[in-house]
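Spelled out, the chains give:
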Protein chains: 4
Amino acid sequence: MIIVLKQGANEVEIQEIKERLVQEGFKVHFSQGVERTIIGAVGDQSRLKELDLEALPWVEKVVPILAPYKLVSREFQPADTVIKIGEHEIGGAQIHVMAGPCSVESRSQILETAHAVREAGATFLRGGAFKPRTSPYAFQGLEEEGLKLLAEAREETGLAIITEVVDVRDVKLVASYADILQIGARNMQNFNLLKEVAKIDKPVLLKRGPSATLEEWMMAAEYILNGGNNQVMFCERGIRTFENYTRNTLDLSMVPALHALSHLPVIVDPSHGTGRWQLVAPMAKAAIAAGADGLIVEVHPQPDKALSDGKQSLTLPNFQEMMTELDRIARAIERPILKEGER
Amino acid sequence: MIIVLKQGANEVEIQEIKERLVQEGFKVHFSQGVERTIIGAVGDQSRLKELDLEALPWVEKVVPILAPYKLVSREFQPADTVIKIGEHEIGGAQIHVMAGPCSVESRSQILETAHAVREAGATFLRGGAFKPRTSPYAFQGLEEEGLKLLAEAREETGLAIITEVVDVRDVKLVASYADILQIGARNMQNFNLLKEVAKIDKPVLLKRGPSATLEEWMMAAEYILNGGNNQVMFCERGIRTFENYTRNTLDLSMVPALHALSHLPVIVDPSHGTGRWQLVAPMAKAAIAAGADGLIVEVHPQPDKALSDGKQSLTLPNFQEMMTELDRIARAIERPILKEGER
Amino acid sequence: MIIVLKQGANEVEIQEIKERLVQEGFKVHFSQGVERTIIGAVGDQSRLKELDLEALPWVEKVVPILAPYKLVSREFQPADTVIKIGEHEIGGAQIHVMAGPCSVESRSQILETAHAVREAGATFLRGGAFKPRTSPYAFQGLEEEGLKLLAEAREETGLAIITEVVDVRDVKLVASYADILQIGARNMQNFNLLKEVAKIDKPVLLKRGPSATLEEWMMAAEYILNGGNNQVMFCERGIRTFENYTRNTLDLSMVPALHALSHLPVIVDPSHGTGRWQLVAPMAKAAIAAGADGLIVEVHPQPDKALSDGKQSLTLPNFQEMMTELDRIARAIERPILKEGER
Amino acid sequence: MIIVLKQGANEVEIQEIKERLVQEGFKVHFSQGVERTIIGAVGDQSRLKELDLEALPWVEKVVPILAPYKLVSREFQPADTVIKIGEHEIGGAQIHVMAGPCSVESRSQILETAHAVREAGATFLRGGAFKPRTSPYAFQGLEEEGLKLLAEAREETGLAIITEVVDVRDVKLVASYADILQIGARNMQNFNLLKEVAKIDKPVLLKRGPSATLEEWMMAAEYILNGGNNQVMFCERGIRTFENYTRNTLDLSMVPALHALSHLPVIVDPSHGTGRWQLVAPMAKAAIAAGADGLIVEVHPQPDKALSDGKQSLTLPNFQEMMTELDRIARAIERPILKEGER
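What counts as what
- Residues numbered from 1 in each chain as written.
- Chains lettered and ligands numbered in written order.
- Predicted model: local features only at pLDDT ≥ 70, side-chain atom pairs only at ≥ 80, totals over all residues.
- Heavy atoms only, no water.
- Least-squares fit on C-alpha atoms with pLDDT ≥ 70 in both.
- Contact = heavy atoms within 4.5 Å.
- Pairing = 2+ DSSP bridges.
- Helix = DSSP H or I, 4+ residues; strand = E, 2+ residues; numbered from the N terminus.
- Axes fitted to C-alpha atoms, helices over the stretch in contact; angles between N-to-C directions.
- Buried area = accessible area lost by both parts, 1.4 Å probe.
- Salt bridge = Lys/Arg side-chain N within 4 Å of Asp/Glu carboxyl O.
- Polar contact = N/O pair within 3.5 Å; in protein donor to acceptor, adjacent residues only side chain to side chain.
- Nonpolar A, V, L, I, M, F, W, Y, C, P; charged D, E, K, R; others polar.
- Domains from an automatic or database assignment.
- 1 Å grid on protein atoms, 1.4 Å probe; cavity = no way out; pocket = protein on both sides within 12 Å on 5 of 7 lines; lining within 4 Å.
- Points joined across faces, edges and corners; volume = space filled by probe spheres on them.
- Phe/Tyr/Trp six-rings, centres within 6.5 Å; stacked < 30°, edge-to-face > 60°.
- Buried < 20%, exposed > 50% of the residue type's maximum accessible area, 1.4 Å probe, protein only.
- Lys NZ or Arg CZ within 6 Å of the ring centre and 35° of its normal.
- Right-handed = clockwise from strand over helix to strand, strands pointing away.

For the rest of this paragraph, the subject is the relation of the copies chain D and chain B. With an RMSD of 0.0 Å, the fit of chain D onto chain B corresponds to turning through 180° and sliding 0.0 Å along the axis. What the superposition gives is, in effect, a two-fold axis relating one chain to the other. Using C-alpha coordinates, one finds that chain D approaches the rotation axis most closely at Ala286 of chain D, a distance of 2.0 Å. Here 100% of the contact residues of chain D are again contact residues in chain B; the copies associate through an equivalent surface.

Residues and elements named next belong to chain B. Read across the sheet, four strands follow the order β2-β3-β1-β4 without closing on themselves; strand pairing throughout is antiparallel. For this open sheet the edge positions go to β2 (27-32) and β4 (59-63), each flanked by a neighbour on one side alone. Here the strands of the sheet are splayed against their neighbours by 20° on average, with no regard to which way each runs. Summarising the sheet, β2 and strand β3 (residues 37-42) pair through six bridges and their orientation is antiparallel. Among the inter-strand pairings, Gln32 is bridged to a residue of β3, identified as Thr37.

The parts lose accessible area when they come together, and the size of an interface is often stated as this lost area. Each partner contributes residues to the interface: chain B has 51 residues there, and chain A has 51 residues. Summed over both partners, the interface of chain B with chain A buries about 4500 Å², with 47% contributed by carbon and sulfur atoms. Our count for the chain B to chain A interface comes out at four salt bridges. Glu216 of chain A is the salt-bridge partner of Arg240 of chain B, the closest N and O atoms lying 2.7 Å from each other. Put simply, chain B and chain A have 21 residue pairs in polar contact (both at pLDDT 80 or more) between them. At the level of elements, α2 (45-51), α6 (191-198), α7 (214-226) and α10 (277-290) of chain B are the ones that each hand at least two residues to the side of chain B that touches chain A. In terms of residue count, the dominant contributor to the side of chain B that touches chain A is α7 of chain B (five residues). Within the side of chain B that touches chain A, the residues separate by chemical class into 21 nonpolar, twelve polar and 18 charged.

Turning to the sheet that holds strand β12 (residues 232-236) of chain C, a few remarks are in order. All names here are of chain C. Here eight strands make up a closed barrel; going around it, the order is β7-β8-β9-β10-β11-β12-β13-β14 and the pairing parallel. Neighbour-to-neighbour, the strand axes of this sheet turn through a mean angle of 25°, independent of strand direction. Pairing analysis gives two bridges linking strand β7 (residues 96-100) to strand β8 (residues 124-126), with the strands arranged parallel. Following the sheet pairing, Ala99 is matched in β8 by Leu125. Those strands touched by helix α7 (residues 214-226) are β11 (204-207) and β12, and its axis lies near 155° from that of β12.

Before going further, it helps to spend a moment on the domain arrangement of chain A. Under the domain assignment used here, chain A contains domain 1 (2-63) and domain 2 (83-342). Each of domain 1 of chain A and domain 2 of chain A has a C-alpha centre, and these two points are 45 Å apart.

Another aspect to go through is empty space enclosed by the protein. On inspection of all chains with the given rule, the structure shows four cavities of 30 Å³ or more. Within this model, the largest cavity holds a volume of roughly 150 Å³.

All names here are of chain A. As enumerated under the stated definition, the model contains eight aromatic pairs over all chains in all. Measuring from ring centre to ring centre gives 5.2 Å for Trp217 and Phe234, while their planes differ by 75°; the resulting arrangement is edge-to-face. Placement of Trp217 in helix α7 (residues 214-226) and of Phe234 in strand β12 (residues 232-236) is noted, with a sequence separation of 17 residues between them. By the burial criterion, Trp217 is buried, and Phe234 matches it. The ring of Tyr245 carries the charged tip of Arg276 above its face, separated from the ring centre by 3.8 Å.

On the side of chain B, 34 residues touch chain D, which itself brings 34 residues to the contact. Between chain D and chain B, the buried area comes to about 2600 Å², and carbon and sulfur atoms account for 75% of it. Our count for the chain D to chain B interface comes out at two salt bridges. Glu243 of chain B is the salt-bridge partner of Arg208 of chain D, the closest N and O atoms lying 2.7 Å from each other. Connecting chain D to chain B are four residue pairs in polar contact (both at pLDDT 80 or more). With seven residues, helix α10 (residues 277-290) of chain D is the largest single contributor of residues to the side of chain D that touches chain B.

This part takes up the pairing of strand β7 (residues 96-100) of chain D. All names here are of chain D. Counting buried positions along β7 gives five out of five residues, so the element sits mostly inside the fold. On β7, burial covers both faces: His96, Met98 and Gly100 on one face and Val97 and Ala99 on the other are all buried. The sheet contact formed by β7 and strand β14 (residues 294-298) spans five bridges and is parallel. The residue bridging Val97 from the neighbouring strand is Leu295, located in β14. With respect to chirality, the unit in which β7 leads through helix α3 (residues 107-120) into the neighbouring parallel strand β8 (residues 124-126) is right-handed.

Rendered as structure tokens:
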């Protein structure tokens, strides 16, 4: 850590800060520039955070040298994490497409969707049973009934299931049905929820908060790894910006950035990332080209009758068409999506 | 609701949408402009949301006419809500200052702070017992032990207590100690937590999420009122922007905006709103001038030894000085903070 | 245009606004809902802007129905604009890559770069002669000397030239050397500069302002088309957000959005869009997959000795490698970049 | 400057960077931590920018120690700059209010406004003659005719004049009429315009760009001081954020921040800062309480007939009422606005 002192900091003040650092176990060395005194401190950086030296009146700024995350970093683990779910591997050569409705609404809706996306080449079925909604007056999900319908769809189609958990009290329940637990964007910093999913032996898809920096996002994943669960994948789903033609601004640069800084897989959600179904296929293709390990896409048999997010949902034929286009891009980078028979 | 159709929408398509609206109980009328067909729909707007008409390919956009919130709106309740806590009234003539450390760290720390802020004119003691922290390696709070220390400080000083609840499982516990329950910024859209505090007979301070719009914030309050608890106050604490000299951008325009749109009181947090103690007093004064009903401010006996947020905490003498300055502004608008003997 | 009145607007007030609209030539019709009166006004929307009806105390909001741009819209011109520059066509089947250093620094630097990017498959040479720099103490460009070096590089390599114009007084000078005039991000709303390039018979590349909405960007292009120059291409180069791992947030969703709303070509700048050379190739590939008509990329023979933007510049070998990868993606969507001999 | 190397940088690489720094005249010293090698470089920081060391593959990050601005900094000039304009002093004890319409529209409009704002206590008349407008179809200003009307209003009322210059070619013309030249938000980084106003012996009001950081804003002012004109005042007018209830987010924390970092006066524009006239008075009061040296406010005799910005303009009576309220706040901090006779 580098501590830059304000112009005019005197000997007494410099000595005082030195003593505190030494007392806390740091090795300290000074650099007296023409205009500033700079202190370098070598030691356990996680304890330096606690010191909160910027509260001192003669400290101008404190510059951390090391990143605050460890377990999620590629420095800690150079090799890619590959998450195994049944026969599937996320983070390996194959790109996975997770598809389905925003909310599970009925047996026929989820089964019809499941069969269609399976046929088009998806390997996971998505669908919300517990829905966090901006308005208290909007549809809040079928809850356990929805989970049961997802399980039935898995039984029928062989698709693995990804679904969101929003409440610490529901983690075990949801985990008993799902193959992947989804932490939604609004819960990225719901630290108690992160601690609960860390105790479960199921992979977790961690969505980026709408105003989360890359570092905060990685720290949220660090909570899960630190709690004992290493099967975490990131999911970029757009950030909130001033642009409101799109629902969010899908930040695809996070795909190569995360691959450089972390060993965990990266999934992209072009549905929430744009909020407009017309933009989903182009951005899905872009995500693949940028190196994403998978996609999660909203698909609905009748988007205009969806109880949520219809505006951003693909119809079944549109999804099928997109998959064909995606496969072409994916094959160009030697990560085919569709099998021989599906093309 | 106004539905604008795309150029070239034909009779069949227009008829289809009309039928759906009529079927759902809306009165419909058309306006055929030169370039666009517009449909006006009068009826229960909350059901229109569910229709998600923008999913229809020939709908260009849907423009809601009414705001989505009801109970929090000034249209619904023209008179200001005044929240009574013991002898105090929040939202009335008097401005309240809530002060204390970010985290309760020890008995001596909280008691020393409580006595000092009481003397300087504060009416509420703040202090966190459950701390949501970006890093899993940072101090996470004293939990119930912290709540007990807060209660002891109340006993000693007569200050009322405000403290944060972060977990649905802790709501009753925290409510058994606190006079006001605080919902933190990261939990503004933790809807299950909102539903739980809605069931409790204690006032709630609802912080604005760092990327929450005014409307989303009001909808979060609507959850609490709709769940049966009318004692809600908003707390502006800054939003996330590109500017990073400050920790957040304190959006004081929300004070008069909320007072125009809602009947609920508005508190301002200049500590998180700026992240730098040097900016706290100027922004506290600005908040009062803008019409805030109260302030919540971080104060610590030794900010450089604080376990969290030292950089933005005032020392006890700085807090006292600020209170004197605040009172001058407050008297100018006839909402004095200090009593005769305290000036 | 739809005018929503506040609750409680009375007959006199409604009549007054009606008269003003009729007087201004609008056809007016009313819709009396349960909670709001709504006025629809059909007529010349560009004059409605001037009316500024939201200044009236009993108007709650004014909702425009039509977009404010005309000439740039796909409604106005359904067919794609294809811009011809010598043998090249921008906006047609072929994807163009414009490459070169941020600044023209010396004869050897620009010639070495030109030959190398030409060989790798670029069709345009970029390079700044007039540099807008955040600091008055930074290198400000070689000015006309730089333009001459660009012209020499064109002579030697056959590459067409794109370079930025920053001052209304230099438009003719720059146009006498360049094949495409670039309007930089900071000048997107320098309306007098837009009016000047509108008078010139040279194509214009219009970069998006770092905080410009899609609509504002299209309105800036409208200035150029309205001034008489139809040869405009958009260039997405990232917007400013809270995320600061990247220099800007590259908003690739603008590629399909612009292709839907406008007939003009769309170029992407992954160098400014990310600010890190390691992210340039992945985002370039993503841009192609999203449907971009071209790329503009910073390349420098020795990025660590560049006088500007070295951090985001590719070396010559890195550029060549990227071009091979790009071509693979481009062929998958049947828009090859490289010719037979170049692969 | 501190240069942090990547993990694993070897001796040869470290030696190479050392040689370059020494060659450029820096004193270099090393710090070998457990996980990182850090290089401190003491010397002329303005040249370090040019080195662009982050382009080197084994450099992780470069941390500047000194701010990039000099002349505008309080370190360079500890005493406040006070700008004298006739009998007025900006940056001294008195707070100045600049008021008037967005655009000069007609002789009667500007004269009526001038008399009214003069009477209410304003000391400067604002009004645009050259209007940068988002749409090419909107009113673009009366140009020199507008400047003449402003001069006439000064003649009649004694108010000093502030008006915007948008084109390098108009600087001398505008300066021949105006008492303060305004650089608009969109031109904050129009560096050639900054260089031109730097040559003029008239004070300059420099508005913050809608997406400009504090540092970039100070660097823009540095251009003007570096060019020879020391009479610069900052004007906070709101930044662009995701919140769109307000036109911009007025960032009042910049007032104390600028007063800490710079010696130049700070003005606040609550009209553009909010975009809603109902919010102007509360935010004007807040600005005064935060320590602003002046305000610039839009006032129009008939806002609903204004050719621009009517929605955010105060009527003449509203302005008068605001001035009385402002004076109360200003007196509480001993910076009265109104003279004895005006109260």
